[in-house]
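The lines below spell out each chain.
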Amino acid sequence: MATQNQSDTFDLDGETTVNRLGFGAMRLTGEDIIGSPADEDEARRVAQRAVELDVDFVDTADSYGPGVSERILGEALDCTRDDLVVATKGGLLRNRDGEWLPHGDPDYLRNAVLCSRDRLGVDSIDLYQYHRPDPDTPFEDSVHALAELKDDGVVDHVGVSNVSVEQLETALDIVDIATVQNRFNVGYREEADVLAACEDHGVGFIPWYPLGASELDDDVAAAVDDVADAHDASQQQVAIAWLLGHSDVTLPIPGTGSVAHLEENVAASALELTADEMGRLDAAGE
């Protein structure tokens, strides 16, 4: 029998509580995150299995597909459930070359929210995140648009992604920020200052690329391998367990298009690393 999600919890706003180990739905798409997956039934089953395993925080974006991941989640899940938080993101355009093009125009974001609501089958999006600052649009204008959408009741919580500490502080001056989603993992710590700012403000920190297998240098890989061997676990499971143990505000969202891989990721929530193991992993990645 697969292990249920055993991570502890985080309150997005003092009322909305989620288990800290979530699920990232980017991989419920085709190659290069463009188009439909080879097996849409399997993709829907992955999403359903995640919820069965007590994963109650699911993250996606309108640029995944584009639109495909949101559509599949809307088909597979009841995204209106009170015990499920489905987060999505807007602000990146895609093309056939697979590029990710920032587009933070306020009118575009307002339209993107309407499209995401339709695909997810909800009246209000649980958590809507600005995917990436747009150098051609003032950051404040983009965040003000999301604040207005929250005031209008079509977005419950606002998040930002790929931001600096200064941009986070700017966003906090405009609207309550529930989460920040930045790159961070056991082998990549360059945005630790943003995580520290999230801890100071009580903001959830969603580390994208949480497994970071291709980013492990020799020292980190050796430390991860030794810890994995000690627990009869995989590198990926150790990477997840390290994120859960590294800070109380981290909300890892490992993604996959495979039920078996999903179950392996969720099982990492039961992996208890010792203080010595955490210390070695911390030191290896510094």
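Residues numbered from 1 in each chain as written. Predicted model: local features only at pLDDT ≥ 70, side-chain atom pairs only at ≥ 80, totals over all residues. Heavy atoms only, no water.

S.K.: In this structure, what is going on with the pattern of salt bridges? I would like to understand it.
M.R.: Evaluation of the coordinates by the stated rule reveals 15 salt bridges. Where Asp59 meets Lys89, a salt bridge forms, and the shortest distance between an N and an O atom there is 2.7 Å. Taken as a pair, Asp59 in strand 4 (residues 57-59) and Lys89 in strand 5 (residues 85-90) lie far apart in primary sequence, 30 residues in all. You'll find Asp59 and Lys89 in the same group, each marked buried. Arg280 serves as the salt-bridge partner of Asp226, at 2.7 Å between the closest nitrogen and oxygen. With a gap of 54 residues between them, Asp226 in helix 7 (residues 218-231) and Arg280 in helix 10 (residues 275-284) connect regions that are remote in the sequence. According to the relative accessible area criterion, Asp226 is partly exposed, its value standing at 40%. (Salt bridge = Lys/Arg side-chain N within 4 Å of Asp/Glu carboxyl O. Helix = DSSP H or I, 4+ residues; strand = E, 2+ residues; numbered from the N terminus. Buried < 20%, exposed > 50% of the residue type's maximum accessible area, 1.4 Å probe, protein only.)

S.K.: Help me understand the sheet that holds strand 9 (residues 155-161) in this model?
M.R.: By way of backbone hydrogen bonds, the strands of a sheet pair with one another, either parallel or antiparallel. One open sheet holds the 7 strands; their spatial order is 3-4-5-8-9-10-11, and the pairing between them is parallel. Where the open sheet ends on each side, the last strands, each with one partner, are strand 3 (23-24) and strand 11 (204-208). As paired strands, strand 5 and strand 8 (residues 125-130) are joined by 4 bridges and run parallel to one another. Each bridged residue has a counterpart across the sheet, and for Lys89 the counterpart in strand 8 is Gln129. (Pairing = 2+ DSSP bridges.)

S.K.: Explain unusual backbone geometry to me, please; I cannot follow it from the model alone.
M.R.: For residues besides glycine, phi is generally negative; the peptide bonds are generally trans as well. That bond from Gly65 to Pro66 is cis: its omega, -15°, falls within 30 degrees of zero. Of note, Asp32 is a non-glycine position whose phi angle comes to about 60°, a positive value. Here Asp32 lies in the loop between strand 3 and helix 1 (40-52).

S.K.: Sorry, what's going on with the layout of surface pockets here?
M.R.: In this approach the atoms are scanned with a rolling probe the size of a water molecule, which exposes any empty space left behind. Of the voids in this model, the largest pocket is the one considered here, and its volume is about 570 Å³. Lining the largest pocket are 24 residues, and of these Met26, Arg27, Trp208, Tyr209 and Pro210 lie nearest its centre. For the lining of the largest pocket, the class distribution of residues is 11 nonpolar, 9 polar and 4 charged. (1 Å grid on protein atoms, 1.4 Å probe; cavity = no way out; pocket = protein on both sides within 12 Å on 5 of 7 lines; lining within 4 Å. Points joined across faces, edges and corners; volume = space filled by probe spheres on them. Nonpolar A, V, L, I, M, F, W, Y, C, P; charged D, E, K, R; others polar.)

S.K.: What should I look at first to understand helix 1 in this one?
M.R.: What sets the pattern is the α-helix's 3.6 residues per turn: residues three or four places apart point alike. The end-to-end C-alpha distance of helix 1, which contains 13 residues, comes to 18 Å, matching closely the 18 Å that a straight helix rising 1.5 Å per residue would cover. Burial in helix 1 covers these residues: Ala43, Arg44, Val46, Ala47, Arg49, Ala50 and Val51. On its buried face, helix 1 is in contact with strand 3, helix 2 (68-76) and helix 9 (259-267). The distance from a side-chain oxygen at the start of helix 1 to the backbone nitrogen of Asp41 is 3.1 Å, and the residue carrying that oxygen is Asp39. (Expected span 1.5 Å × (residues − 1). Contact = heavy atoms within 4.5 Å. Polar contact = N/O pair within 3.5 Å; in protein donor to acceptor, adjacent residues only side chain to side chain.)

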